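Each chain is listed here by its residues.
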Amino acid sequence: MTKPASGMAVPGAAALLLLLLVGAAAGCGYQSCPPTRPGLLNVHLVPHTHDDVGWLKTVEQYFYGVRNEVQHAGVQYILDSVVAQLVADPSRRFIYAEVAFLARWWRQQDEATRRTVRQLVEQGRLEFVGGGWCMSDEAAAHYGPAIEQLALGRRFLRREFGACGTPRVAWQIDPFGHSRQLAAIFAQMGYDGLFVGRVDHQDKATREGLREMELLWRASESLSPPAADLFTGILPNVYNPPSGFCWDQLCSDPPVVDEDSEENNVDSIVSTFLQIAASQAERYRTNHIIMTMGSDFQYENANLWFKNMDKLIAHVNARVPENGRLLPLRGRPPPVLDGLFHQPTCLQALRTPQQQLSPGEAVAVAQHHDAVTGTEKQHVADDYARQLAAGWESCQLLVANALASLGGSKENFVFCNALNVSVCPLTEAAGRFTVILYNPLGRQVSWPIRLPVNGASYAVTDPQGQPVPSEVVPVSNFTRRLRGDGGSAVRELLFQASAPPLGFSTFTVSRLSRGDPRAHPARTPVVSQPREIQNEHVRVLFDPLTGLLKEIQDLDKSISLPVFQSFYWYNASVGNDESSQASGAYIFRPNSSEPFPVSGSKRVSAHLVKNALVQEVHQNFSSWCSQVVRLRAGQPYVELEWTVGPIPVADGWGKEIISRFETTLQTDARFYTDSNGRQILERRRDYRPTWNLSQTEPVAGNYYPVNSRIFIKDKKFQLTVLTDRSQGGSSIFDGSLELMVHRRLLYDDNRGVGEPLVELGANKQGLVVRGRHLVLLDTVESAANRHRLLAQELFMAPYAVLAPGGGPSYRRGQPRVRQFSGLRRELPPNVHLLTLTPWDAGALLLRLEHQFERGESANGSQPVTVDLLNLFSAFTIVSVQEMSLGADLPLDATSRLVWTPATGLAQPRPVPKLDPSRITLQPMEIRTFLATVQYEVPGAGPGGP
């Protein structure tokens with residue numbers, strides 16, 4: 001590996017340097033790096049603490065240090081102690097990552113302490129790495145919230161510490177696997193490098209043998225190098241110190257004893273350390289190696305660590321000859337790895353903001369790797385839910401204020417959060433109410449409305465007062481069982497609503513009396529044994545003997561595919577001896593490669609429900625597993641709404657439930673999953689591209705994270721399944737897909753959480769999960785045109801807000817607006833409005849992205865140009881500044897180290913002159929802008945509504 005163009009050594013956190021004298025800090029960033037010696041092995045000791053934003057204790061418990069019987073940890077004391085020790089000796093350095101804790105601690109400090117910490121940061125002795133609100137999960141997080149939580153942390157650091165607070169290194173040391181899309185995000189945010197701790201043990205062993213523990217990760221095939229190139233280093237000991245060199249109060253390794261003492265162990269300590277350093281250096285290609293001196297919640301008594309590291313540095317450096325070498329140097333270029341691995345803020349931005357309300361911190365905390373993956377104790381999971389609920393309450397207030405201002409009416413807005421189980425007191429009791437459908441997407445959408453009611457007949461009118469076709473149907477037995485005593489509705493009102501881009505539409509619903517000429521008797525839906533359902537785009541066939549789905553036809557393209565779908569369960573390993581591993585919160589480990597059918601016999605009871613708006617096949621697989629296969633009018637895909645749980649475990653087996661699709665496609669052991677809802681990656685069964693895999697887990701070893709979609713294809717056809725949440729997925733045999741939808745386990749997997757994954761829920765019977773899979777059959781050439789747009793629609797789904805109607809005017813003389821769009825025109829299909837949020841006074845943060853990859857669509861993958869100045873209707877853009885992806889630095893002020901990989905140097909493109917009337921987006925490109933605006937919403941004066 002050659003050095004970067006700037007002449008700096010391998011980038012990393014500015015840290016203590018071993019084998020050379022530690023120089024005084026001369027500034028922040030790379031200027032603060034101690035001098036290095038080209039003829040010696042330079043060992044960089046990196047003092048750090050890893051502070052999980054929730055794991056065995058809640059965020060509050062970790063910060064304040066309560067419940068130490070669960071885990072001894074108090075982050076406020078860690079920060080207190082580290083700062084004191086840095087002040088005590090100017091040669092000491094430290095890195096810190098989790099801004100959620102730092103910001104809380106910072107708010108409690110007096111101004112004198114703040115000045116001291118700012119000085120430490122300016123001197124480069126306290127450096128921030130990562131910089132996100134938390135250390136987010138990579139496998140199961142969507143790219144939108146991942147960007148936002150990084151931006152939230154980086155904005156805090158920039159605001160409080162200036163340029164010296166900007167992290168240059170991404171620090172993902174604890175997440176369980178690493179994502180190509182997140183690596184691309186780090187690169188576009190301006191990070192020079194990424195350090196990771198956890199990698200597959202076979203991959204790590206191979207890389208150690210080849211000395212490929214450092215590499216240049218080419219994290220996008222669409223973005224021109226080096227835009228998404230990221231230096232990536234794999235840490236030698238996950239993120240722990242070398243064996244025998246942990247000097248925290250939680251450790252039991254011996255301290256360094258020097259001077260005249262019978263316990264003097266300097267010779268032994270130095271010899272052992274030199275052996276470890278030499279061994280580690282054999283696995284890396286340069287004369288710079290890193291040692292992480294810290295671990296989980298360490299440095300509560302920082303003096304222990306720093307005092308012993310000071311001694312270690314002094315004694316080891318004293319033994320290095322002036323011109324000696326520890327190891328021969330073998331400099332080579334790093335290999336290139338091609339990569340294998342909001343809504344309310346938009347609505348708030350459309351009105352003149354008077355009060356900034358944001359659930360951002362709650363959402364950011366929930367991106368923490370233990371939060372997203374479920375690898376936390378139950379009481380911590382409950383606390384995450386509490387924080388999200390509190391954040392959702394602030395969201396509701398924000399949405400209500402914005403809708404009142406934009407719509408001109410002070411309504412008593414109602415948010416029915418249990419519509420998925422048909423519970424909403426307003427619609428169940430009211431004879432008249434309004435439905436406001438808010439659409440955060442940059443294009444018009446049509447969305448099904450399904451509301452619990454008790455009337456027999458209703459009239460629905462659109463924003464122009466025109467009638468909207470509607471149907472009243474009985475509440476399904478599946479939903480009745482799921483909601484328990486939570487609602488009283490016996491029927492559901494169905495109608496199709498549409499909303500303009502980045503806007504809302506208001507619909508009026510009125511219950512009709514029997515004498516009303518528009519009323520009709522409550523219709524009994526057609527119920528029969530299912531053979532098929534069909535609309536103008538899709539036909540779905542069912543086996544009349546088994547009741548299971550057997551074929552999907554795309555009527556527009558005259559193509560069909562046999563598709564068999566059913567539910568199965570893997571029995572979980574119990575880990576009852578030292579040679580076996582239990583399936584648990586961290587690990588999926590079935591004890592058999594063959595799952596069991598939930599229905600027991602591969603037959604289900606099924607019936608057809610059909611009316612003018614929707615056709616449904618209700619399938620009952622067992623007393624705890626059911627599904628509705630649904631086609632709505634105009635819908636070009638099949639919707640599978642599944643309900644699973646409580647999973648029975650009385651037979652002594654933990655169970656992991658899958659929905660499996662079997663087809664006749666010849667897939668050659670290949671399938672495809674998304675990376676954080678964005679890039680698409682090819683997966684090959686029992687194969688890894690960078691090492692010869694020894695497969696010991698034929699099922700779990702082929703599972704991959706699915707954040708938004710998974711698909712299989714042959715040369716002609718593609719079957720895509722979109723998810724409404726992150727799930728594990730695979731293709732265990734050719735022509736098949738499967739997605740894990742629920743788990744309930746009886747044993748802990750002994751990976752740290754100390755509890756089995758057996759959440760009981762409010763009724764103590766076990767959790768019930770309801771979700772949706774959307775199934776698309778298409779040709780290979782045109783599949784991306786559908787799944788790209790549908791995945792965004794599923795993630796940023798329109799939201800229905802209810803109101804009794806008839807509220808007073810928001811402002812005297814302000815007209816009532818029943819339909820509103822924040823855009824003057826729809827965005828092109830391949831452009832997505834990723835972010836629109838209030839920033840500083842009179843400014844908005846705006847992100848536009850090209851949502852197609854290079855080459856996946858003849859039309860969608862072409863560059864596209866947008867006129868930013870004439871895009872929005874709610875405000876006029878006065879001036880625009882382009883920013884880095886994190887929005888904390890102007891794009892033209894962002895500089896990254898330039899790396900020379902084995903494939904040759906790739907020079908960064910110069911920042912083009914900004915023309916806001918012609919914003920061009922290349923495939924997979926995200927562009928970020930700060931816009932100064934003047935609001936034009938009727939009734940919004942200079943001081944805000």
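Here the structure is a predicted model, which means the values were calculated and not measured.

(A) The nonpolar core, seen in detail. Counting 92 residues, the largest nonpolar core has Leu45, Phe156, Phe161, Phe273, Met293 and Tyr299 as the members making the most contacts within it. With near-sequence residues (within four places) excluded, Phe156 lies in contact with Val99, Leu102, Ala103, Trp106, Trp133 and Phe161. By size, the runner-up hydrophobic cluster in this structure holds 43 residues, among which are Phe621, Leu631, Leu737 and Val741.

(B) Region of interest: the sheet that holds strand β43 (residues 926-935). As summarised here, the arrangement of the four strands in space is β38-β39-β43-β41, forming an open sheet in which the pairing is antiparallel. Every other strand in the sheet has two partners, leaving β38 (831-838) and β41 (875-883) as the edge strands with one partner each. Along the sheet, successive strands turn relative to each other by an average axial angle of 30 degrees, direction set aside. The pairing of strand β39 (residues 843-850) with β43 spans seven bridges and is classified as antiparallel. By the bridge assignment, Leu848 is partnered in β43 with Arg927. Packed onto the sheet, helix α5 (residues 143-161) meets β38, β39 and β43 and runs at close to 35 degrees relative to β38.

(C) Representation of the pattern of salt bridges. Going through the model one piece at a time under the given rule, you end up with 46 salt bridges. Measuring nitrogen to oxygen at the nearest pair gives 3.3 Å for the salt bridge that ties Arg450 to Glu616. On the criterion of sequence distance, the pair formed by Arg450 in strand β12 (residues 445-453) and Glu616 in strand β24 (residues 614-622) is long-range, its members being 166 residues apart. With a relative accessible area of 24%, Arg450 lands in the partly exposed category. Residue class for Glu616 comes out buried when judged on its relative accessible area of 2%. For Asp734, the salt bridge is made with Arg685, and the minimal N-O distance between the two is 2.6 Å. With a gap of 49 residues between them, Asp734 in the loop between β33 (727-730) and β34 (736-744) and Arg685 in the loop between β29 (679-684) and β30 (704-706) connect regions that are remote in the sequence. Through salt bridges that share partners, Arg450, Glu492, Glu616, Arg630, Arg632, Glu639, Glu641 and Arg772 make up one connected network.

(D) Structural detail: the state of the cysteines. On inspection of all chains with the given rule, the structure shows three disulfides. Between the sulfur of Cys416 and that of Cys424 lies a disulfide, 2.0 Å long from S to S. Since a negative S-S torsion denotes a left-handed disulfide, the Cys416-Cys424 link at about 45 degrees is right-handed. The buried category is assigned to Cys424, whose relative accessible area is 0%. When the cysteines engaged in disulfides are numbered in sequence order, the protein pairs them as 1-2, 3-4, 5-6. Considering cysteine sulfurs only, Cys395 is the nearest to Cys134, which forms no disulfide, with 17 Å between them.

(E) Representation of the sheet that holds strand β14 (residues 470-474) in the model. Across the sheet, which stays open at both edges, the three strands sit in the order β12-β15-β14 with antiparallel pairing between neighbours. The open sheet has two edge strands, β12 and β14, and neither has a second partner. In this sheet, neighbouring strand axes are inclined to one another by 30 degrees on average, regardless of whether the strands run parallel or antiparallel. Bridge count between β12 and strand β15 (residues 491-499): nine bridges; the pairing is antiparallel. Bridge assignment links Trp447 to a residue of β15, and that residue is Ala497.

(F) Region of the structure containing unusual backbone geometry. Residues Pro225 and Pro226 are joined by a peptide bond in cis, for which omega reads 5 degrees. Position of Pro226 among the secondary structure elements: in the loop between β7 (214-218) and β8 (229-234). The omega angle of the peptide bond from Gly645 to Pro646 is -10 degrees, so this bond is cis rather than trans. Despite not being glycine, Ser558 has its phi angle at roughly 55 degrees, a positive value. Inspection of the secondary structure puts Ser558 in the loop between β20 (549-554) and β21 (559-571). The exposure class assigned to Ser558 is exposed, which follows from its relative accessible area of 69%.

(G) The arrangement of helix α6 (residues 180-188) in detail. Within α6, nine of the nine residues are buried, which leaves it mostly tucked inside the rest of the structure. Residues of α6 that are buried include every one of Arg180, Gln181, Leu182, Ala183, Ala184, Ile185, Phe186, Ala187 and Gln188, and no others. Where α6 begins, the side chain of Ser179 points an oxygen toward the backbone nitrogen of Gln181, at a separation of 3.2 Å. After α6 finishes, the residue Gly190 shows a positive phi value of roughly 100 degrees.

(H) The packing of helix α2 (residues 75-88) against helix α9 (residues 302-318), seen in detail. The contact between α2 and α9 brings their axes to 9 Å, and the two run at 35 degrees. When α2 is examined against α9, the residues Ser81, Val82, Gln85 and Leu86 are found in contact with a partner set consisting of Ala302, Asn303 and Phe306. Counted by class, the contact of α2 with α9 contains four nonpolar, three polar and no charged residues.

(I) Up close: the environment of Pro254. Mapping Pro254 onto the fold places it in the loop between β8 and α8 (266-281). Here the alpha-carbon distance between Pro254 and Gly165, two residues 89 residues apart in the chain, equals 35 Å. Apart from the residues lying within four places of it in its own chain, the contact partners of Pro254 are Trp247 and Asn265.

(J) View of the side chain of Thr479. Residue position: Thr479 is located in helix α15 (residues 477-483). A relative accessible area of 6% places Thr479 in the buried class. Excluding residues within four positions of it along the chain, Thr479 makes contact with Val421, Ser422 and Arg770.

(K) Examining the side chain of Asp383 more closely. Along the chain, the position of Asp383 falls in helix α13 (residues 378-407). For Asp383, a relative accessible area of 12% translates into the label buried. The residues touching Asp383, leaving out its near neighbours within four places in the chain, are Thr58 and Val59.

Reading the values: rules and limits
- Residues numbered from 1 in each chain as written.
- Predicted model: local features only at pLDDT ≥ 70, side-chain atom pairs only at ≥ 80, totals over all residues.
- Heavy atoms only, no water.
- Core = buried A, V, L, I, M, F, W, Y, C linked by side-chain atoms within 4.5 Å.
- Buried < 20%, exposed > 50% of the residue type's maximum accessible area, 1.4 Å probe, protein only.
- Contact = heavy atoms within 4.5 Å.
- Pairing = 2+ DSSP bridges.
- Helix = DSSP H or I, 4+ residues; strand = E, 2+ residues; numbered from the N terminus.
- Axes fitted to C-alpha atoms, helices over the stretch in contact; angles between N-to-C directions.
- Salt bridge = Lys/Arg side-chain N within 4 Å of Asp/Glu carboxyl O.
- Disulfide = S-S within 2.5 Å.
- Polar contact = N/O pair within 3.5 Å; in protein donor to acceptor, adjacent residues only side chain to side chain.
- Nonpolar A, V, L, I, M, F, W, Y, C, P; charged D, E, K, R; others polar.

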